[in-house]
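The lines below spell out each chain.
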Amino acid sequence: MKHAQPKAEREKIALFAKPNAQNHLLSLKLKQHFEPNEVYLSCGHVQGRHDWGVAREGPDKNPTSFKCPICLVESPKTIQLIMGMESAFHLDSEALDYCFNPCGHMASVSTVRYWSRIPLPHGTNSFHPVCPFCTSLLCMDKPYVRLIFQDHCYDS
Ligand SMILES: [Zn+2]
Ligand SMILES: [Zn+2]
């Protein structure tokens, strides 16, 4: 008992640890999955990369559609997820439950909503919302995707 921290001290540490705890857990969760992790554009399910459900066409066998193994919805593409590391672009420390389309940078709901509503100068006379992490132009019809993690998908 002599080495136990005073209660007030412990509570202070818990308070400091809290805001990032969720994102930290999420990044751990991601690492536990097969890498790289990809999200299906249409449904938002997150999966490790695999070849199941990929329709290919043409002599180059270019993938034309991706069927989600969880809900069987077909997506025109999958997006590889990337942790958005630059903390200045995050509006809050909520869970990284969304990613920008098409680049796959992950952020919280308020962060993706915020950046997808700000048109930035692009080229000489056009304005377009971009991902703050990599300045990719966001898709107009679907600037971000809500991620659905299947926690027990790979549990054996
Ligand atoms: Zn799905
Ligand atoms: Zn990006």
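Residues numbered from 1 in each chain as written. Chains lettered and ligands numbered in written order. Predicted model: local features only at pLDDT ≥ 70, side-chain atom pairs only at ≥ 80, totals over all residues.

- In the nomenclature of an unreviewed UniProt entry, the protein chain corresponds to Pellino RING domain-containing protein from the organism Steinernema carpocapsae.

**Overview of the sheet that holds strand S5 (residues 74-75)**
Thought 1: On the basis of which strands lie adjacent, the open sheet formed by 3 strands has the order S3-S4-S5 and antiparallel pairing. Pairing within the sheet leaves two strands with one partner each, and these edge strands are strand S3 (54-57) and S5.
Thought 2: Note that strand S4 (residues 62-67) and S5 share 2 bridges and pair antiparallel. Within the sheet, the bridge partner assigned to Lys67 lies in S5 and is Glu74. (Pairing = 2+ DSSP bridges. Helix = DSSP H or I, 4+ residues; strand = E, 2+ residues; numbered from the N terminus.)

**Looking at the sheet that holds strand S6 (residues 78-80)**
Thought 1: Read across the sheet, 3 strands follow the order S2-S1-S6 without closing on themselves; strand pairing throughout is antiparallel. If you trace the sheet from one side to the other, it starts and ends with strand S2 (46-48) and S6, each paired once. Strand-to-strand, the axes of this sheet are offset by a mean angle of 35°, without reference to chain direction.
Thought 2: Examined bridge by bridge, strand S1 (residues 37-40) and S2 share 3 bridges and lie antiparallel to one another. Looking across to S2, one finds that Val39 is bridged to Val46. (Axes fitted to C-alpha atoms, helices over the stretch in contact; angles between N-to-C directions.)

**A word on helix H2 (residues 109-116)**
Thought 1: Where H2 is concerned, the buried positions are Thr111, Val112, Trp115 and Ser116. Down the axis of H2, the buried set is contained in an arc of 115°. They therefore lie on one face. (Buried ≥ 20, exposed ≤ 12 C-beta atoms within 10 Å, placed from the backbone. Arc of directions from axis to C-beta.)

**As for the pairing of S4**
Thought 1: Bridge analysis of S3 against S4 gives 4 bridges, and the strand direction is antiparallel. Residue pairing in the sheet places Val54 in a bridge with Phe66 of S4.
Thought 2: Connecting S3 to the next strand, S4, in antiparallel fashion are 4 residues, including Gly58 with a positive phi near 80°.
Thought 3: Where S4 folds back onto S5 in an antiparallel hairpin, the turn is made up of 6 residues, including Leu72, whose phi is positive at roughly 65°.

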